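Residue-level structural notes
In case you want the letters, here they are:
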Amino acid sequence: MRMDEIKLTKLAECAGCGAKVGAGELSKLLEGLKVRQDPNLLVGYDRSDDASVYKLSDELALVQTVDFFPPIADDPYTFGAIAAANALSDVYAMGGEPKLALNVMAVPEDMPKEAVHAILRGGYEKAYEAGAIITGGHSIYDKEPKYGMAVTGFVHPDKLLTNSGAQPGDVLIYTKPVGIGVLTAGIKGSLTDEETRTFAEGLMMTLNKYARDIMVKYRVHACTDVTGFGMMGHLLEMAQGIEAEIHLDLSGITFIPQALELARLGVLPAGVYRNRHFAEQWVEAGETELAVQDLLYDPQTSGGLMMAVHPEDALALLEELRQDDRVLAPQLVGRVSPYQGDKRIYLH
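This report concerns the structure included in the present document.

1. Focus on the overall build of the protein
Each helix and strand in the protein was counted, giving eleven helices and 13 strands. Split into buried and exposed, the 348 residues of the protein put 56% on the buried side. In the protein, the share of contacts with a sequence separation of at least 24, taken over all contacts with a separation of at least 6, comes to 85%. For the protein, the exposed area adds up to about 15,400 Å²; of that, 52% sits on carbon and sulfur atoms.

Listed below in structure tokens is the structure:
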């Protein structure tokens with residue numbers, strides 16, 4: 001295998017976060033496992049959150065996460081940068097700052113060392129942009145390449161954000177356009193042009209650091225990054241965590257136009273069906289177009305931050321996000337309401 005012959009996505013059955021085990025299946029796999037109790041463990045795997053958090057002192061808590069996946073891009077450097085941005089995002093979703101990272105890698109034995117080096121360089125440069133240091137890692141041989149990171153960060157215990165802290169009346173703000181999973185499925189099937197591929201890769205390589213740095217200035221009660229479970233799956237976890245319901249304003253959501261076109265043609269990654277199976281019983285879709293629903297269930301690789309913010313702070317936060325061109329698509333997408341005992345998510 002030569003460097004110029006490599007098409008990484010052709011070596012993978014699933015791309016990026018589309019390879020993630022579905023939320024419903026994951027809960028079954030974890031069922032019955034005992035969780036050790038520790039008063040300093042603020043967030044563990046028994047909660048449907050983005051990372052674990054351990055309190056070290058009254059002023060400092062440790063945030064830890066790990067994320068890796070098969071190639072989402074053919075270019076090795078780009079794949080490495082996307083995988084790193086995706087892994088770092090979990091720390092940002094908790095309100096934290098990443099500081100240390102370990103590489104997690106699987107590569108075919110015949111992959112050229114130049115390609116392996118390019119994947120690692122993509123990860124290193126994205127970690128550097130985040131202000132984190134890669135201190136080592138672990139690698140194995142595998143027929144299907146995979147890459148990601150275990151990331152450690154820090155947050156003040158009193159400023160920790162989880163996906164279950166939203167309050168009725170909160171406004172929902174999201175920070176990236178929706179539909180990247182469908183778009184990458186189209187790219188993998190050679191159904192898009194070069195400009196679309198470049199746009200998709202730039203979207204996935206963009207760190208959530210800049211949105212996080214603005215977010216922490218305001219009264220944000222909850223946050224999650226939208227990744228493999230899609231917007232519906234992650235919002236469902238947010239609603240169930242606080243006994244609330246969520247009303248989405250579809251006119252406020254920025255859908256990727258090319259992704260919507262592909263969804264109308266039936267070009268969908270398998271993760272859409274897994275996420276729909278998990279969440280749709282809790283969703284009142286009304287007359288919403290099926291293709292729009294598909295994008296809401298679409299697994300997002302390196303998706304944006306979904307914030308539940310105090311209504312008095314929402315417009316100021318949204319405006320500051322819009323002033324930073326490194327935050328790609330700040331949008332007001334809905335609100336949180338008290339649970340009425342029927343559906344959890346309503347599409348309007």
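Now that the structure has been shown, the text picks up again.
2. A few points about helix α3 (residues 113–130)
Helix length check: α3, at 18 residues, gives a terminal C-alpha distance of 26 Å against a target of 26 Å (1.5 Å per residue), a fit within 8%. Looking at α3, one finds that the buried residues are A115, V116, A118, I119, G122, G123, K126, A127 and A130. The inward-facing, buried residues of α3 contact α2 (76–93), β4 (97–107), β5 (133–141), β6 (146–155), α5 (194–205) and α6 (209–215).

3. Considerations on the nonpolar core
Judged by nonpolar contacts, the single largest core of 103 residues is most densely connected at M231, M232, L235 and L248. By residue number, the principal contributor to this core is α2, which donates eleven residues. When sequence neighbours within four positions are dropped, the list of residues in contact with M231 reads Y174, V178, V226, L248, I253, L296, D298 and M306.

4. Comments concerning the side chain of E201
Mapping E201 onto the fold places it in helix α5. Those residues in contact with E201, other than ones at most four positions away along the chain, are A73, T78 and I82.

5. Regarding a nonpolar patch on the surface
Residues L41, Y54, L56 and L60 make up a contiguous nonpolar surface patch of about 310 Å² in total accessible area. Positionally, L56 belongs in the loop between β2 (52–55) and β3 (61–69).

6. Let's talk about empty space enclosed by the protein
The tally for this structure, following the rule as stated, stands at three cavities of 30 Å³ or more. As a volume, the largest cavity reaches approximately 40 Å³. Its residues assigned to classes, the lining of the largest cavity comprises four nonpolar, three polar and two charged.

7. Considerations on the packing of aromatic side chains
The tally for this structure, following the rule as stated, stands at two aromatic pairs. Between the aromatic rings of F69 and F79, the centroid separation amounts to 6.3 Å while the plane-to-plane angle is 40°, which identifies the pairing as tilted. Placement of F69 in strand β3 and of F79 in helix α2 is noted, with a sequence separation of ten residues between them. Both residues of the pair, F69 and F79, belong to the buried class. For the pair F79 and Y147, a centre-to-centre distance of 6.4 Å together with 75° between the ring planes defines the contact as edge-to-face. Of the two residues, F79 is situated in helix α2 and Y147 in strand β6; the sequence distance between them amounts to 68 residues. Judged by its relative accessible area of 0%, F79 falls in the buried class. Grouped by ring-pair contacts, the aromatic residues F69, F79 and Y147 constitute a single cluster. When the ring centre of W282 is taken as origin, the NZ or CZ atom of R344, which lies over that ring, is 5.9 Å away.

8. Section: the sheet that holds strand β7 (residues 171–174)
One open sheet holds the seven strands; their spatial order is β8-β11-β7-β12-β9-β13-β10, and the pairing between them is mixed. Across the chains shown, the open sheet's two edge strands, defined by having one partner strand only, are β8 (220–225) and β10 (283–284). Two strands pair when backbone bridges link them, and strand β9 (residues 244–248) and strand β13 (residues 345–347) are joined in this way by three bridges, in the parallel orientation. Residue pairing across strands places I246 opposite I345, the latter belonging to β13. The strands that helix α11 (residues 314–323) touches are β7, β8, β11 (305–309) and β12 (331–338); relative to β7, the one it contacts most, it runs at about 5°.

9. Notes on the sheet that holds β4
Ordered in space as β1-β2-β3-β6-β4-β5, the six strands form an open sheet in which the pairing is mixed. If you trace the sheet from one side to the other, it starts and ends with β1 (41–43) and β5, each paired once. For this sheet the average axis-to-axis angle between neighbouring strands, irrespective of direction, equals 20°. Bridging between β2 and β3 involves four bridges; their strand directions are antiparallel.

10. What to know about unusual backbone geometry
Unusually for a residue other than glycine, E243 sits at a positive phi of about 55°. Along the chain, E243 turns up in the loop between α7 (230–240) and β9. Overall, the relative accessible area of 47% leaves E243 in the partly exposed class. Residues other than glycine seldom take positive phi values, yet S302 does so here, at roughly 55°. Along the chain, S302 falls in the loop between α10 (290–297) and β11. Residue classification places S302 among the buried positions, given a relative accessible area of 2%.

Calculation criteria
Residues numbered from 1 in each chain as written. Predicted model: local features only at pLDDT ≥ 70, side-chain atom pairs only at ≥ 80, totals over all residues. Heavy atoms only, no water. Helix = DSSP H or I, 4+ residues; strand = E, 2+ residues; numbered from the N terminus. Buried < 20%, exposed > 50% of the residue type's maximum accessible area, 1.4 Å probe, protein only. Contact = heavy atoms within 4.5 Å. Areas by Shrake-Rupley, 256 points an atom, 1.4 Å probe, with all protein chains shown as cover. Expected span 1.5 Å × (residues − 1). Core = buried A, V, L, I, M, F, W, Y, C linked by side-chain atoms within 4.5 Å. Patch = residues over 30% accessible without salt bridge, like charges linked within 9 Å, V, L, I, M, F, W, Y side chains within 5 Å. Salt bridge = Lys/Arg side-chain N within 4 Å of Asp/Glu carboxyl O. 1 Å grid on protein atoms, 1.4 Å probe; cavity = no way out; pocket = protein on both sides within 12 Å on 5 of 7 lines; lining within 4 Å. Points joined across faces, edges and corners; volume = space filled by probe spheres on them. Nonpolar A, V, L, I, M, F, W, Y, C, P; charged D, E, K, R; others polar. Phe/Tyr/Trp six-rings, centres within 6.5 Å; stacked < 30°, edge-to-face > 60°. Lys NZ or Arg CZ within 6 Å of the ring centre and 35° of its normal. Pairing = 2+ DSSP bridges. Axes fitted to C-alpha atoms, helices over the stretch in contact; angles between N-to-C directions.

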